[in-house]
Amino acid sequence: MEIIICDDRRMRRMSVALVVAGLLSVTIPGGAVHAAPASESLDSVVEAIKKQYARKSSVRFSVRRRGGPPPSEDLKISGAYRFNASGMYAADLTEISYEKAATGRSREITIGREFYSQSYVRSDKGKYTWKSPPTLGEWAYGRNFAGVVWGKDLVNGINPGFLELVASYGATSADGGAFEGVKTTLHSGAVTVTKLSERQAGISFDTEEEGAHGGRITWKLWAGPDNLPRRFQAIMKFTWPEGGEAETMTMNIIYRGWGTPVKITAPPKHLIADGW
């Protein structure tokens, strides 16, 4: 069963599927075709990320996304992730989308499987054309929504599941120059997946299940001397199984402040609305 939070186009885009308790597990890709030995350099990156998990560390990030299949919109996302021993535990992010004659803004907090959000669309003339919850300043609340939970199926430079997949297809490493004053190594490659889709946690992939879109992901990852990612780029070609023109999405992510303390907390109870 799917829960559609509202019939607004923007929320339909963001919540490809918010699934209740019976469908809590997110898709975990498997069975990757091993076209080449795993990259030792990427193994070092995965190891460095998992050490951050073990330390219950954190990182700040910013994302820019352009293009993709309709109704995708150009987005800017910024915020922070906190980790626990199992991986991603909490996220606090602000998303800005650019629509025709309007700007959408939302803030989303995920702590485990608890999810809080507030969002609105405001026209260029200053009028609110959509709000959730209806009262500004309040928060919508839900839990056990698989669509908002970080999983091993996300296209992201700090996702070990994605890095292990692309390493199995072969990756090259070269001098990446300096990024924000840090010397980097540039890892790059490409992989074709059978399914590409969008949910609130990000762009997800699968290597076994087929969907409306599959496609090729061309990626670059800049890692610092400590092997922690500093920048990630993915150019994704969303293709239709029956053919036709592909839609291209470009995603750039910057990671900053590895290990810098980040506090992610739930909103005050008196600001949480009764329902969606």
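Let's talk about the overall build of the chain
Here is step 1 of the chain: A tally of helices and strands in the chain yields three helices and 16 strands.
Here is step 2 of the chain: When the 276 residues of the chain are sorted by exposure, 49% land in the buried category.
Here is step 3 of the chain: For the chain, the share of sequence-separated contacts (at least 6 apart) that also reach a separation of at least 24 residues comes to 59%.

Quick word on the pattern of salt bridges
Here is step 1 of the chain: Taken as a whole, this structure holds 11 salt bridges when the rule is applied.
Here is step 2 of the chain: Arg 199 is paired through a salt bridge with Asp 153; the nearest N and O atoms lie 2.7 Å apart. Of this pair, Arg 199 sits in strand β12 (residues 195-199) while Asp 153 sits in the loop between β9 (140-143) and α3 (160-168), placing them 46 residues apart in sequence. As far as the burial class goes, Arg 199 and Asp 153 line up, both buried.

Thoughts on the pairing of strand β15 (residues 229-239)
Here is step 1 of the chain: In the sheet, strand β14 (residues 214-223) pairs with β15 via 10 bridges, with the strands oriented antiparallel. Looking across to β15, one finds that Arg 216 is bridged to Lys 237.
Here is step 2 of the chain: Hairpin connection from β14 to β15: five residues lie between these consecutive antiparallel strands, with Asn 227 at a positive phi of about 70°.
Here is step 3 of the chain: Summarising the sheet, β15 and strand β16 (residues 247-256) pair through eight bridges and their orientation is antiparallel. What sits directly across from Gln 233, in β16, is Asn 252.

The rules behind each value
Each chain has its residues counted from 1, following the order in which its sequence is written. Local features are withheld for residues below a pLDDT of 70 in this predicted model, meaning they are given only at 70 or higher, and side-chain atom pairs are given and counted only at 80 or more; totals for whole chains, interfaces and linings count all residues. Only hydrogens and water are set aside; all other atoms, that is, all heavy atoms of the structure, feed into the side-chain values. Numbering of helices and strands runs from the N terminus; a helix is a DSSP stretch of H or I covering at least four residues, while a strand is a stretch of E covering at least two. Whether a residue is buried, partly exposed or exposed follows from its accessible area with a 1.4 Å probe, protein chains only, as a fraction of its type maximum: under 20%, in between, or over 50%, in that order. We call two residues in contact when some of their heavy atoms are within 4.5 Å. What counts as a salt bridge is simple: a side-chain nitrogen of Lys or Arg found within 4 Å of a carboxyl oxygen of Asp or Glu. A pair of strands is treated as paired once DSSP finds two or more bridges between them.

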